Each structure stands twice: as structure tokens, then as C-alpha cells.
Amino acid sequence: MKTLDCIVIGGGPAGLMACNELGESVNYILLEKNDKVGKKLLLTGGKRCNITNNLPVKLFIDSLNIAHKRFLYPALTQFGPKDVIAFFNTRGLELELEQNFKYFPKTGKSQSVLDALLLGIPKERIHYKEPVKRITKVEDLYLVETELEQYQARDLIIAVGSNAYPTMGSSGDVLLFAKHLGIPYKPFTPAETYLFSDKVKTDYADLQGVALTTNLRINTDKKSHEGDILFTHFGVSGPLILHLSELIYERIEHEKVILYIELTEQDPIQIFNERRTTKDTIQTVLEELTTKRLAKKILELSQIENKRVSDMKKSEIQTLNQYLKAFDIPIDGVEVKEKAFVNAGGIDVKALSPQTMACLEYPGLHFVGESTDLQGPIGGFNITIALSTGKLAAKDVKERLSHHG
Ligand SMILES: Cc1cc2nc3c(=O)[nH]c(=O)nc-3n(C[C@H](O)[C@H](O)[C@H](O)COP(=O)(O)OP(=O)(O)OC[C@H]3O[C@@H](n4cnc5c(N)ncnc54)[C@H](O)[C@@H]3O)c2cc1C
């Protein structure tokens, strides 16, 4: 059996960053299940990798859906978006700002992000094709069993990801480890994914490809959400939908969910009334308020015949106003967790220290990245969280080593 200072399990952004921080002073190895590290990282951002964004830490945290988002303060104040950019710059990788929000590598390739991370990890430390099967605590050491070997170390950094895109390696193994060790966790569920709608598939099939920036309300909620949505052949997608999918997944289990979207910011009742004195038709006004395709659809759905606005009944204006201000999209399902970009769930943060990412009950046992119940919307949040928590855990390992020698 090999004994080490620390074993990092999983070579995604969280595990790779942890290895970079451990550096030469720590006797560590990285156990990776695949024949390559960073398989999912290579896919990210359309293979261009949206590494981080330009939000200050407070805004970054405010943008997360999770209730326990403040847990991330210590990690992100020590290594937030600005530090991520600086880290890659020092590795010779320039980043470029897009849409005044997201950072991508200037090379346009996620491979260069992986290469920059690998610069800080000696090749011999990475053990490929060694999936960890079981973790046990034996006195003050952790015993790590793979199919090939047994290792032991006083510190572990578990960075095996969630259950999103299992073909990339993230097969949800963290939950098996947690169960075995008696550490609280939440099952993985979809976050950042598409929504299915039978009504979109049938009644709104001709809207496929329509993209719009809108205000959206869920059921009778007072709160509205602003962002971009896209009609697809199965339902709805787009950044706003991905962002809300996690919340909708929770609600759809116990209530019918209908999204109401605003097709125009203007006041349709006022506009129709103003046009009563003109020769304009309903369709012309609807096209001005929305788009040609949406105008046609609203006329069809409302069963109001196209005529001059001057000939409209009050009730017809009310009907069109309803479609324009609260176009309904009933939701029938959320894409499964395996096909979601990100998963909610993982190690319950109540079991972890926000200062170190270590388990409160098991000193030296760290959980980082998407293995934990910490996730964010698209826009570089998830890789930043993975890098930041991976680094924090590795710092703690070094700190502990300096005490124990
Ligand atoms: C298509 C797609 C696009 C995305 N785009 C972006 C983006 O542009 N920006 C962004 O911020 N986020 C993006 N994300 C999310 C982001 O990729 C993840 O949140 C991030 O990779 C999580 O990092 P991680 O290191 O925690 O886990 P992972 O990247 O999942 O890495 C886990 C590693 O652990 C290994 N492993 C698993 N089980 C074991 C085991 N038992 N033993 C040993 N090794 C094991 C896996 O093989 C893998 O290498 C995207 C996700 C997807 C699916």
C-alpha cells in the first residue's frame, strides 16, 4: 500500500486546481477514472470554455439560485473571478471578455485552459484509469481503494463532479462515498437545462427558433425574471430557462407549472386605443409590438379576425393584451440530470467548513467543485466555483501538513 500526504480524486477543474495549489511541497497523487483528465472541461462553453465572468464577488454570489450561497464567501474572496483571470495570465493564457460579462481564452479553445492547468502538475503524479471505488477511515488515515491499488493519506480532496454528462466521467460516485462514510448529501437533480412543453410542441410548433428577451413569471408569483428564452421543437430553452430550470424542477413535483412571458414592454391597450383613429390593422400593430411570427400566432390563437383597429371591440383588445402581457407556456417536464449542463445536489454544505471545504466530522476529508451542493447559472460560474473551492481545500491541506510535519 502506498502512503501519501494527500490524494486528489478526480481531474476536472476542481481537482486540477487543487493539484496546482498543492505544488511541489506536498507528496500527492491525482486519481482519475478516465484515460484523460478534464474531459468535461474540454466540452465547456461550446469547446471554448467560459472560464469565469467579470462580476465582483458580492454580485457573483447574489446571482446564484442556491439558498446557501453565502457559504462561498471565503472561497471566492480568496480566489474569485479576478484571481482566476490573473492565474491564467501568469500561465501565459490571455482571456477575452465577451458580451461585457463572460471570459473565454483568447485562443478560443478550452484545450488551452486544460493545458494551463496541467502546467502546474508533474505528469507522474496523475494516475489515469484508476476509478476510486471506496473510501474508508482507518484511524487518522483515509484508505482509498481503486480497481488496481490501495492508497492511504491523511488528507483527501474529492473532486469527482456530479452526475451531469456521465459519459465525461462524472457518474455521481461522490454519493456512494458519502453514504459509506455517513456524510449528509442531497441527491443530484437537474440544474441548467431545458424544459419540455407539449403545448409548445403542438400549438406553438411554428414558433420554433423564435428567441426573445422577456420578463417571465412562474404561475402567480409576484416576482418576475428577466432574460432570453428560445422556443424549440421540444419546449423552451435559452439562458433564462436554463437558469430557472433548477427551481422549476423542485416545483413541478408538487404543482402544475405555467410560465407567463411578456411579449412586449409597451402597453398594448394604450397603443390599440391610440390607433383607433388610423387605418392600421390589428396585424400591423401586433407586428410593431412583437415580431411577424408572433403577431401571426397571436391572431391565430385569439381567433380574432384581422381587421382595422378602429373596428375592434373592447373585449378583443383585452384578449390581445392578455396574450401580449402573459403568453402562457405550460411546462410538462425538465430534462433529466444526466443531460443537464449542471446538477444541483451533492455533499450538503452543512457538513463542510466554508473556510476549508473539509468535512466537519472528518478532518482532512475535503469535497470540492460540483460534488458539493454548490452550483451556479451558465456564465462561467461553475468553473469558477470548481477552481475556487479546489484551491481552498488544497490550501487547508498545506496548512495541516505544516502543523503535522
Ligand atoms: C456541455 C457543458 C458545458 C459547460 N460549459 C460551462 C462553461 O462554459 N462555464 C462553466 O463555468 N461551466 C460550464 N459547465 C459546467 C462545468 O463543466 C462543471 O461545473 C465543472 O466541470 C465541474 O468541475 P468539477 O471539477 O467539479 O467536476 P468535473 O469537471 O465533472 O470533473 C470530475 C472528474 O472526476 C473524475 N471522476 C469521477 N468519478 C471518479 C472516481 N470514482 N474516481 C476517479 N475519478 C473520478 C471524472 O472522470 C472527471 O475527470 C458546462 C457543463 C457541460 C456539461
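Residues numbered from 1 in each chain as written. Predicted model: local features only at pLDDT ≥ 70, side-chain atom pairs only at ≥ 80, totals over all residues. Heavy atoms only, no water.

Describing the side chain of serine 388
For clarity, the threshold we go by: Numbered from the N terminus, helices here are DSSP runs of H or I no shorter than four residues, and strands are runs of E no shorter than two. Each residue gets one of three labels from its accessible area relative to the maximum for its type: buried under 20%, exposed over 50%, partly exposed in between, using a 1.4 Å probe on protein chains only. Here a polar contact means two N or O atoms within 3.5 Å. Within protein one must be a hydrogen donor candidate and the other an acceptor candidate, and residues neighboring in sequence count only if both atoms are side-chain atoms. Any two residues having at least one pair of non-hydrogen atoms within 4.5 Å are treated as being in contact.
On the secondary structure map, serine 388 appears in helix α14 (residues 381-404). Overall, serine 388 belongs to the buried group, its relative accessible area being 1%. At 3.0 Å, the side chain of serine 388 forms a polar contact with the backbone oxygen of alanine 75. Contacts of serine 388, omitting those with residues within four sequence positions, involve Ala75, Leu76 and Phe79.

Topic: the site of the ligand
Counted only if it meets this: We call a residue near a molecule or strand when any one of its heavy atoms sits within 4 Å of it. Exposure was quantified through the Shrake-Rupley algorithm and a 1.4 Å probe, taking into account, for residues, occlusion by the shown protein chains and nothing else.
As a structural note, the neighbourhood of the ligand is formed by 34 residues, with Glu32, Val132, Asp173, Glu370 and Ile383 the closest of them. Lysine 33 is positioned with one of its backbone polar atoms (N or O) 3.2 Å from a nitrogen atom of the ligand. Contact between the ligand and asparagine 382: an oxygen atom at 3.3 Å from a main-chain N or O atom of the residue. Across the complex, the protein chains shield 95% of the 1,000 Å² of accessible surface that the ligand would expose by itself. Elements with a contribution of two residues or more to the shell around the ligand: α1 (13-22), α2 (39-47), α7 (173-181) and α14. Broken down by element, the shell around the ligand gets its largest block of residues, 4 residues, from α14.

Things to note about the UniProt feature "domain: RsdA/BaiN/AoA(So)-like insert" (unreviewed entry) in the chain
Quick reminder of the rule: UniProt positions are given in the numbering used here, feature names are shortened, and annotations may be inferred rather than shown by experiment.
UniProt's entry tags residues 190-342 with the feature "domain: RsdA/BaiN/AoA(So)-like insert" (unreviewed entry), counted in the numbering of this structure. Taken end to end, residues 190-342 has its terminal C-alpha atoms 7 Å apart, with 37% of it in helix and 24% in strand.

Here we look at the packing of helix α12 (residues 292-302) against helix α13 (residues 314-325)
In plain terms, the rule: For helices, the axis comes from a line fit to the C-alpha atoms of the stretch in contact; other axes are also lines fit to C-alpha atoms, and the angle between any two N-to-C directions lies between 0 and 180 degrees. Small angles under 35 degrees read as roughly parallel and large ones over 145 as roughly antiparallel, with 65 to 115 read as roughly perpendicular and the rest as oblique. Helix crossings get a hand from a simple test, with the near helix turned counterclockwise from the far one by less than a right angle marking a left-handed crossing and a clockwise turn marking a right-handed one. Gly counts as polar in this scheme, as do all residues outside two lists: the nonpolar Ala, Val, Leu, Ile, Met, Phe, Trp, Tyr, Cys and Pro, and the charged Asp, Glu, Lys and Arg.
It is at 10 Å that the axes of α12 and α13 come closest, and there the two elements cross at 130 degrees. As far as their axial angle goes, α13 and α12 are oblique. Crossing hand, α12 versus α13: right-handed. Here Ile298, Leu301 and Ser302 of α12 lie close against α13, whose contacting residues are Thr319, Leu320, Tyr323 and Leu324. Here the contact of α12 with α13 is composed, by residue class, of 5 nonpolar, 2 polar and no charged.

A few points about the nonpolar core
Under the convention used in this document: Here, the term nonpolar core denotes a set of buried Ala, Val, Leu, Ile, Met, Phe, Trp, Tyr and Cys residues that are joined through side-chain atoms within 4.5 Å.
Ile7, Phe88, Ile158, Ile183 and Leu365 are the most contacted members of the largest nonpolar core, which totals 83 residues. The greatest single-element share of this core, amounting to 10 residues, is contributed by α14. Excluding residues within four positions of it along the chain, leucine 365 makes contact with Tyr142, Leu156, Ile158, Leu181, Ile183, Met357, Ala358 and Cys359.

Structural notes on unusual backbone geometry
Look at cysteine 49: it is not a glycine, yet its phi comes out positive at around 60 degrees. Looking at the secondary structure, you find cysteine 49 in the loop between α2 and β3 (52-53). Judged by relative accessible area, cysteine 49 falls into the buried class, the value being 0%. In this structure, tyrosine 165 is a non-glycine residue whose phi angle is positive, near 55 degrees. Secondary-structure assignment places tyrosine 165 in the loop between β9 (150-158) and α7. According to the relative accessible area criterion, tyrosine 165 is partly exposed, its value standing at 28%.

Focus: the packing of aromatic side chains
Operational definition: Only rings of Phe, Tyr and Trp enter the pairing, Trp through its six-membered ring, and a pair is recorded when the two centres are within 6.5 Å. The plane angle decides the type: under 30 degrees is stacked, over 60 is edge-to-face, the rest tilted. Definition used: whenever NZ (Lys) or CZ (Arg) falls within 6 Å of the ring centre and also within 35 degrees of the ring normal, the charge is taken to sit over that ring.
Under the criterion given, the structure shown has 12 aromatic pairs. Their ring planes at 80 degrees and their centres at 6.3 Å tell us that phenylalanine 79 and phenylalanine 87 sit as a pair that is edge-to-face. For phenylalanine 79, a relative accessible area of 6% puts it in the buried group. Plain terms: the ring middles of tyrosine 204 and phenylalanine 327 are 4.8 Å apart, the flat faces sit at 35 degrees to each other, and that makes the pair tilted. Taken together, the residues tyrosine 204 in the loop between α8 (198-202) and β12 (211-218) and phenylalanine 327 in strand β16 (residues 327-331) connect sequence positions 123 residues apart. The residues tyrosine 204 and phenylalanine 327 share a single accessibility class, namely buried. In textbook terms, an aromatic cluster arises when at least three aromatic residues are bridged by ring pairs, as seen for Tyr165, Tyr194, Phe196, Phe234 and Phe341. Seen from the ring of phenylalanine 104, arginine 48 lies directly overhead, with NZ or CZ sitting 4.1 Å from the centre.

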